[in-house]
Amino acid sequence: MIDIGFTATLFAIALWAFANIVAKRLAVKLGNILPSITMIALGVLPIVITMALGNFAVKVTYFSIATAVSAGLFLFVGFFLIYRSLETEQLTNAYVLSEVQPALLVTFGLLILGQKITTIEAVGISVIFLGVLFVITTEDLRLNKRLIPALLANVSFTAYWILMNYSITSSADTFTPLVISRIMGLVIAVLYLSTVLKKGHAIKLPRFRRSELALSLIALVLLGGFLDGSGDIAFSIIIKSNYLTLGSALSALTPMVVAILSYFIYKDRMNGMQFFGFLIMVAGAVALSLF
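Residues numbered from 1 in each chain as written. Predicted model: local features only at pLDDT ≥ 70, side-chain atom pairs only at ≥ 80, totals over all residues. Heavy atoms only, no water.

**Student:** Can you walk me through the pattern of salt bridges in this structure?
**Tutor:** A side chain of one charge can pair with a side chain of the opposite charge if their charged atoms are brought near each other. Applying the stated criterion across every chain yields a total of 3 salt bridges. Here R146 makes a salt bridge to E89, at a shortest N to O gap of 3.1 Å. Remark: E89 occurs in the loop between helix 4 (62–86) and helix 5 (91–96) and R146 occurs in the loop between helix 7 (119–135) and helix 8 (148–169); sequence separation between them is 57 residues. Under the relative-accessibility criterion, E89 is labelled buried at 9%. Salt-bridge contacts for R182 lead to D232; the nearest nitrogen and oxygen are separated by 2.8 Å. Taken together, the residues span a long stretch of sequence, with R182 in helix 9 (residues 176–198) and D232 in helix 10 (residues 214–240) at a distance of 50 residues. (Salt bridge = Lys/Arg side-chain N within 4 Å of Asp/Glu carboxyl O. Helix = DSSP H or I, 4+ residues; strand = E, 2+ residues; numbered from the N terminus. Buried < 20%, exposed > 50% of the residue type's maximum accessible area, 1.4 Å probe, protein only.)

Listed below in structure tokens is the structure:
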């Protein structure tokens, strides 16, 4: 018998890996504002399609709605910041910083929920944050400030998934909270864009070479949004099927997939210190999720 949680985890890994491959291209071409808006907006499509095909009824509580609405703010901030780093930095370096999320989740449990942590969890958290220092340090031992937005983005994404976990588990509906959070994120993104335009700030627009077509960029935007939204569907199924612990451990391997793809597609290369940080961050995240 096929394990739904395990299958959903494999889909989440693949979908988010390819979504970030697309995200890197969009960040270089469009900056961080327009991709944030389009990815949040288009990510709703696969969720709505899934609800329509499965004939899912909308069954959410007021608490679920409130937490999903709050999550929308953190969703936009996360996208906005991660695209800021992807404009200039390697995808591998930026994406591996997502491994701070399990460390932040355990820290949240410790400080806010009053939970106790084990020795392995304490070591895992320490290893992850040590890995962060290695990854964001350049060859001449200087802090790479252009990776700071990516680090802060993952703080925001952690807050997003904490709220979404409460929203999804407190309702009888798996997908409506995702739609609500994305609609709220889109509203905030559009309001931010209007504020930027009113202040006279320029928005980065693509410049096409003769060999490129506007349609190719539009296709990437559609693909990226669809992949990201589908990844959220898969992860929401992980949450609902009580597979969060093992699912999180397997999902912690996603940076490995992204690194392999980026090596061939974007020619990403890490120095020895950064690669060491990369490895211990992945190891620490897996250990945290399992133990």
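The rest of the description comes next.
**Student:** I would appreciate a short explanation of the side chain of T176 in the present structure.
**Tutor:** Looking at where T176 falls in the secondary structure, it is placed in helix 9. Residues contacting T176, with those up to four places away along its chain left out, are M51, V58 and V60. (Contact = heavy atoms within 4.5 Å.)

**Student:** Explanation requested: the nonpolar core in the structure shown.
**Tutor:** Here is a general trend for soluble globular proteins: nonpolar side chains tend to be buried in one another's company. Judged by nonpolar contacts, the single largest core of 78 residues is most densely connected at L26, I82, Y83, L97, W161, M164 and M281. Here the element with the most residues in this core is helix 1 (residues 4–30); it accounts for 12 residues. Non-local contacts of Y83, meaning those with residues more than four positions away in its chain, are made with A23, L26, A27, G31, N32, P35, S36 and M39. (Core = buried A, V, L, I, M, F, W, Y, C linked by side-chain atoms within 4.5 Å.)

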